[in-house]
Amino acid sequence: MPAIQLSVAERKAHRAGAHHLDPVVMVGNEGLTPAVKKETDAALNAHGLIKVRVLGDDRDAREAMFQQLCEDLGAAPIQHIGKLLVLWRPKPKKVKAEDEERKPGPREFKVVKNSSRGGQRPEVKRVRVLGNQRLTTGGMVKKAKPKQKSVKKTRAE
C-alpha cells in the first residue's frame, strides 16, 4: 500500500491534533517486527492518529522505519521529531449489523405545562416513554392497554 500524500495544511492540522497524544506503540531494539506492524495497524484502525516511540539512537534507522511503516500500512507520515513518529490514516467506517427482531427503544418527549398564573414561565419536563407506555394529553405516562380483540374473529377460529 502506498503512503497517503497530504497537503501542508492537512499535515499541520494533524500535527496540532497529535500534540496532546501519548505514544500507543513502542518499537524496541529489534526494529520493525511483524508484531509491531500488526499493533500499529490495530492502533490506526482504532484511533486514526497515533504516536509511535522508537527506542533506537540512529536517526537514519528511525527515518527508514517511519517510511517503511507508512508504506506497509498505507498511512500518511505526519511528523518525525526526536524518537517520536506521528502517523495518520482515516478510520474505517464501522458496519453496524441490523437485528431483524429488535424492537424500537425508549422515546424522549418534552412536556410543556403552562402555569396557572398568567405571567409565569411554562414548566418544561423531559419524559422517557418505553415501548409499552403512552403519553396522555395531560403529560402523564401510562402503561398502554392491550389491544382489544374482535369478538367476531375469536368466534370464527
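To start, this report covers the structure provided alongside it.

Criteria and cut-off values
Residues numbered from 1 in each chain as written. Predicted model: local features only at pLDDT ≥ 70, side-chain atom pairs only at ≥ 80, totals over all residues. Heavy atoms only, no water. Helix = DSSP H or I, 4+ residues; strand = E, 2+ residues; numbered from the N terminus. Buried < 20%, exposed > 50% of the residue type's maximum accessible area, 1.4 Å probe, protein only. Contact = heavy atoms within 4.5 Å. Areas by Shrake-Rupley, 256 points an atom, 1.4 Å probe, with all protein chains shown as cover. Axes fitted to C-alpha atoms, helices over the stretch in contact; angles between N-to-C directions. Left-handed = near helix turned anticlockwise from the far one by under 90°. Nonpolar A, V, L, I, M, F, W, Y, C, P; charged D, E, K, R; others polar. Lys, Arg positive; Asp, Glu negative; His and termini not counted. Salt bridge = Lys/Arg side-chain N within 4 Å of Asp/Glu carboxyl O. Polar contact = N/O pair within 3.5 Å; in protein donor to acceptor, adjacent residues only side chain to side chain.

We now examine the overall build of the protein. Helix and strand counts for the protein come out as four helices and eight strands. Written out in order from the N terminus, the α and β elements of the protein read α-β-α-β-α-β-β-β-β-β-β-α. Overall, the protein is about 85 × 60 × 30 Å in size when its C-alpha atoms are taken along their principal axes. Counting across all 157 residues of the protein, residues that qualify as buried make up 25%. Within the protein, counting contacts between residues at least 6 apart in sequence, those at least 24 apart form 54% of the total. Surface exposure of the protein reaches about 12500 Å², of which carbon and sulfur atoms provide 51%.

With respect to the helices and strands, the residue I50 is situated in strand β2 (residues 49–54). Separated by 66 residues in sequence, I50 and S116 have C-alpha atoms that sit 58 Å apart. If we skip the residues at most four places from it in the chain, I50 touches V24, T40, A43, L44, L85, V86 and L87.

To continue, consider the packing of helix α2 (residues 34–47) against helix α3 (residues 59–73). Contact pair α2 / α3: the axes reach a minimum separation of 11 Å and the direction vectors enclose 65°. The way α2 lies across α3 gives a crossing that is right-handed. Here K37, T40, D41 and L44 of α2 come into contact with α3, specifically with Q68, L69, D72 and L73. Tallied by class, the residues present in the contact of α2 with α3 amount to three nonpolar, two polar and three charged.

Position of K51 relative to the elements: it lies in strand β2. D22 provides the closest opposite charge to the buried, salt-bridge-free K51, at an N-O distance of 6.4 Å. Polar side-chain contacts of K51 include one of 3.2 Å to the backbone oxygen of A18. Among the polar contacts listed, one links the side chain of K51 to the backbone oxygen of L21, at a separation of 3.1 Å.

Considering all chains together, one arrives at four salt bridges under this definition. Residue R89 pairs with D41 through a salt bridge whose shortest N-O separation is 2.7 Å. With R89 in the loop between β4 (84–88) and β5 (107–113) and D41 in helix α2, this pair connects stretches of sequence that are 48 residues apart. Using a relative accessible area of 27% as the deciding quantity, one classes D41 as partly exposed. Salt-bridge contacts for D57 lead to K83; the nearest nitrogen and oxygen are separated by 3.0 Å. Placement of D57 in the loop between β2 and α3 and of K83 in the loop between β3 (76–81) and β4 is noted, with a sequence separation of 26 residues between them. By relative accessible area, which is 68% here, D57 ends up exposed. By relative accessible area, K83 is classed as partly exposed at 33%.

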